[in-house]
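The chain contents come next:
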Amino acid sequence: MSDAIEEAILNHLSTASDAVIQDTFPWAASNNFDHNAVVGSVKSLSVEAYVSATELSTSFYTLSEEAQSVLMHGSHEVRVLKALIEAGRDGLTMADLQSKVEGKDVCKIGMGNCMKNKWVKKDGDKLVALLDVNDVTDETQVQLQKVQDANGVLEGVLDDKEINLLKRRKLISLVTRKSYSVVRGKEYMPKRVKKAADLTKEMLDSGEWKTMPFKPYNFLTLGEKVGGGYLHPLLKVRAEFRKILMQMGFQEMPTNKWVESSFWNFDSLFQPQSHPARDAHDTFFIKEPASTVSVPEDYFERVKDMHERGGAGSIGYRYDFKREEAFKNLLRTHTTAISSQMLYKLANQPGGFQPARYFSIDRVFRNETMDATHLCEFHQVEGLVADYNLSLGDLIGTIETFFRKIGITQLRFKPAFNPYTEPSMEIFGYHPDLKKWTEIGNSGMFRPEMLAPMGLPDNVRVIAWGLSLERPTMIKYRIKNIRDLFGHKVEMARTRTAPICRFENATA
């Protein structure tokens, strides 16, 4: 169809050197073409200078469906007046009038205009006509007929007051139509020759390239931007935390195993098998394989004995430790499951125990109700130090050093309870935007009941602390809902535009 329209345009302009299409709208109608298709062809021909087009703007009024009804049946007020005249001196109630004029809107608008023009009066609950229909002129119908006869061009047909009244009644609306005046362009030819965009093998083989016109090549244009990978905001904060911890002398733990046994996730941490956190409503258990294959048997027996009978100054939990419960597979609820394995290896490595600093930043899973600040999976940042004769002061100092490096200097510590640390402390930091103290982490010293079965020397202490990766990321990037940061609702544009994460190292 577009080829036929282009051919018709070029043929029209071929009749004379000064030939012109005055207005594409009537020209399209006279040639049975869709005007939008004609405009598209004109623009296409203009690109290659076959034609030159000047935009035209034509404003006119169109009649609404209600106006078409007025032209056929008369205005609302005249229809109401006719109904009341037919009723005679007895008049009509509003309900009867509505049924006579077939419409609540016609009755309401018509009655209002009749009362305004003093054509009718109220007599109790009825309306009575004061004039005969021959005594009035349906000015609205007359005006609309003029609009139709003038094809919507009302200059010199109606005055501004009449036009505004019709617009207020939503009987007419102003429409602006865009069209074009078309003349020959500087590259005009009676027939369009398509220019090739690429040099092909077939052109070279046939020699067609010698006579084929090609589109001009722009050697200065820039190529399409090459897409690249972008780090997610969480990964940017993770990279910065990782760098800080390595600067503090910490070594990263291997945390790429998300499925753990209940033994390493709970039992080795001296967490009783009856603890509520081990219920299905708090933990994701694996159906297949449901159980782990093995754990270090001698260590298993020492952990079992610690739970059942105690040791290292503890009486234990005094219950029957079940092997099948310890062997259940689950999605790890914390990276401390890796910490316990690293400490066990540290205690049993060739050459004996050596002081160490470990950290991990990886994903953990908990069966929680999702809301603006909680997900079923999140990232945990964990650090631990194993050395001789460590104290709570060493723990506080390590924590203060880390948080100072990410710009948080105002810290508070509150006593807390954890099954595998004693003493335990919640970490609170002052949020300058919220202007209040907010919980930012947890910490403590691993209990002797956890460390003794591993085979660590009696005077070795392990201090540990942890926090989520999501909370500082949300604060850093001013994100209010965690689902806008992590999960299927994340905007990809945020990943591309998120600035580099950089924490200012604050002085004490």
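Throughout, a residue's number is its position along its own chain's written sequence, starting from 1. The predicted origin of the model limits local features to residues at a pLDDT of at least 70 and limits the giving and counting of side-chain atom pairs to 80 or more, whereas totals for whole chains, interfaces and linings rest on all residues. Values reported for side chains reflect all heavy atoms of the structure, with hydrogen atoms and water molecules removed beforehand.

Asker: Please provide a residue-by-residue account of the packing of aromatic side chains, values included.
Answerer: Stacked, tilted and edge-to-face are the three classes applied to pairs of Phe, Tyr and Trp rings, where Trp contributes its six-membered ring and a pair requires centres within 6.5 Å; stacked means planes under 30 degrees apart, edge-to-face means over 60, and tilted covers the rest. Applying the stated criterion to the full structure yields 21 aromatic pairs. Arranged with centres 4.4 Å apart and planes meeting at 20°, the rings of Phe270 and Tyr317 form a pair that is stacked. Of this pair, Phe270 sits in the loop between helix 12 (262-265) and helix 13 (297-308) while Tyr317 sits in the loop between helix 13 and helix 14 (323-326), and the two are 47 residues apart along the sequence. In this scheme, a residue with accessible area under 20% of its type's maximum is buried, one over 50% is exposed, and one in between is partly exposed, where area comes from a 1.4 Å probe on protein chains only. On the basis of relative accessible area, Phe270 is assigned to the buried category, the value being 2%. Judged by centre distance (5.3 Å) and plane angle (80°), the rings of Phe402 and Phe403 are edge-to-face. What makes Phe402 buried here is its relative accessible area of 0%. By relative accessible area, which is 1% here, Phe403 ends up buried. What links up through ring pairs into an aromatic cluster is the set Phe263, Trp264, Phe270, Tyr299, Phe300, Tyr317, Tyr319, Phe321, Phe327 and Tyr344. The rule is short: NZ of Lys or CZ of Arg within 6 Å of the ring centre and within 35 degrees of the ring normal puts a charge over the ring. Geometry around Phe25 places Arg177 over its ring, the cationic atom sitting 3.7 Å from the centre. One cation-aromatic arrangement involves Arg323 over Phe300; the distance from NZ or CZ to the ring centre is 4.8 Å. Only DSSP runs of H or I reaching four residues or more are called helices, and only runs of E reaching two or more are called strands; each is numbered from the N terminus.

Asker: Kindly report on the sheet that holds strand 7 (residues 251-252), identifying the contributing residues and their values.
Answerer: Strands are labelled as partners when DSSP assigns at least two bridges between them. Pairing within the open sheet is mixed, and its seven strands lie in the order 7-10-11-15-14-13-12. Edge strands, defined here as strands with exactly one partner in the open sheet, are strand 7 and strand 12 (411-418). Where strand 7 lies against strand 10 (residues 356-365), two bridges are found, and the strand directions are parallel. From the neighbouring strand, Glu252 faces strand 10, where its bridge partner is Phe359. Throughout, a residue-residue contact means that at least one pair of heavy atoms, one from each residue, lies within 4.5 Å. Between N-to-C directions, angles span 0 to 180 degrees; the directions come from axes that are lines fitted to C-alpha atoms, helices contributing only their stretch in contact. Strands in contact with helix 11 (residues 233-247) are strand 7, strand 10, strand 11 (377-388) and strand 15 (460-468); relative to strand 10, the strand with the most contacts, it is inclined by about 165°. Set on the sheet, helix 16 (residues 392-405) makes contact with strand 12, strand 13 (421-431), strand 14 (436-446) and strand 15; between it and strand 15 the angle comes to about 35°.

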